Amino acid sequence: MNVILSIKPEYAWAILNGQKTVEFRKNVFKRKINKVLIYSSAPDQVFLGYFSVKEIDRDSPNSLWKKYSKKGCISKDKFFHYYSDKNEGTSILIKKVFKFQTPLKPKSIFKSFTPPQSFQYCDLDLSQLT
């Protein structure tokens, strides 16, 4: 199973450039996730590529910060503000990134598309998009 994640452009591009190798999330997936389709949120509002998932780590924000702070491309203040109301968080470790040659408009893939607030399951064969 795959998911679509809305990711702020600065972080989406950092993933594509290989600087960011972990994505932080508040919510955990109920299903096993293999790949993540990267939706770069406003102002981009396009799909930039996808990545395969190496591992998903669920832990306290303090532990996640200790393990992944150097891989997340986020300041300590922003990280702890993001998790301020949570006792647990999710880290998605990135295995391999696949960048689309040209960013894809959502309507070119989905007839009706609303960017997910958290995540959205997706059963597309993402390798068909590259």
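Predicted model, so just to flag it, every value in this text is computed and none were measured.

Student: In this structure, what is going on with the pattern of salt bridges? I would like to understand it.
Tutor: Once their charged atoms are close, side chains differing in charge can pair, the charge on each being opposite to the other. Under the criterion given, the structure shown has 5 salt bridges. Measuring nitrogen to oxygen at the nearest pair gives 2.9 Å for the salt bridge that ties E23 to R25. Owing to a relative accessible area of 6%, E23 belongs among the buried residues under this scheme. Salt-bridge contacts for D57 lead to K67; the nearest nitrogen and oxygen are separated by 2.8 Å. Taken together, the residues D57 in strand β4 (residues 46–59) and K67 in helix α2 (residues 61–68) connect sequence positions 10 residues apart. By relative accessible area, which is 11% here, D57 ends up buried. Through salt bridges with shared partners, a single ionic network connects K20, E23 and R25.

Student: What's the story with the packing of aromatic side chains in this structure? I'm lost.
Tutor: Two measures describe an aromatic ring pair: the distance that separates the ring centres and the angle between the ring planes. Tallied over the full model, the rule gives 15 aromatic pairs. Between F47 and F110, the aromatic rings sit 6.0 Å apart at their centres with planes inclined by 55 degrees, giving tilted as the arrangement. Taken as a pair, F47 in strand β4 and F110 in the loop between β5 (89–104) and β6 (120–122) lie far apart in primary sequence, 63 residues in all. Residue F110 is classed as buried on the basis of its relative accessible area, which comes to 17%. A centroid spacing of 5.7 Å and a plane angle of 20 degrees characterise the contact between F110 and F113, whose relative ring orientation is stacked. Residue F113 is classed as buried on the basis of its relative accessible area of 12%. Each member of the aromatic cluster is reached from another via a ring pair, and the members are F24, W65, F79, F80, Y82 and Y83. Its guanidinium or amino end placed over the ring of Y121, R31 lies 4.2 Å from that ring's centre, counting from NZ or CZ.

Student: Can you walk me through helix α1 (residues 9–16) in this structure?
Tutor: In an α-helix, one full turn covers 3.6 residues, which means residues spaced three or four apart are oriented alike. The element α1 is largely enclosed, with a buried count of 6 among its 8 residues. Those residues of α1 that fall on the buried side of the exposure criterion are P9, Y11, A12, A14, I15 and L16. On the buried face of α1, the contacting elements are β1 (2–7), β2 (22–25), β3 (35–40), β4, α3 (76–82) and β5.

Student: It is not clear to me how unusual backbone geometry should be interpreted in this structure. Could you clarify?
Tutor: A cis amide bond links A42 with the next residue in sequence, P43, at an omega value of 10 degrees. Phi angles above zero are rare outside glycine, and Q45 is one such case at about 55 degrees. For Q45, the location among the structural elements is in the loop between β3 and β4. When its relative accessible area of 44% is taken as the criterion, Q45 is described as partly exposed. One non-glycine residue, C73, lies in the positive phi region at around 55 degrees. With respect to the element layout, C73 can be found in the loop between α2 and α3.

Student: Would you mind going over the environment of F119 with me for this structure?
Tutor: Considering the arrangement of structural elements, one finds F119 in the loop between β5 and β6. Overall, F119 belongs to the partly exposed group, its relative accessible area being 23%. Separated by 110 residues in the primary sequence, F119 and P9 have C-alpha atoms spaced 16 Å apart. Discounting chain neighbours no more than four positions away, the residues touching F119 are V3, I4, L5, N27, V28 and F29.

What counts, and where the lines are drawn
The written sequence of each chain sets the order in which its residues are numbered from 1. Predicted model: local features are reported for residues with pLDDT of at least 70 only, side-chain atom pairs are reported and counted for 80 or more only, and whole-chain, interface and lining totals are derived from all residues. Hydrogens are left out, water is left out, and the side-chain values use all remaining heavy atoms of the structure. We count a salt bridge whenever a side-chain nitrogen from Lys or Arg sits within 4 Å of a carboxyl oxygen from Asp or Glu. Summary of the burial criterion: residues with accessible area below 20% of their type's maximum are buried, those above 50% are exposed, and those between are partly exposed, where the area comes from a 1.4 Å probe applied to protein chains only. Helix numbers and strand numbers start at the N terminus; a helix is a DSSP run of H or I with at least 4 residues, a strand a run of E with at least 2. Only Phe, Tyr and Trp rings are paired, with Trp represented by its six-membered ring, and only when their centres lie within 6.5 Å; those with planes under 30 degrees apart are stacked, over 60 edge-to-face, the remainder tilted. Comment: the charge-over-ring label is applied if NZ (Lys) or CZ (Arg) is within 6 Å of the ring centre and within 35 degrees of the ring normal. Pairs of residues are marked as contacts when any of their non-hydrogen atoms sit within 4.5 Å.

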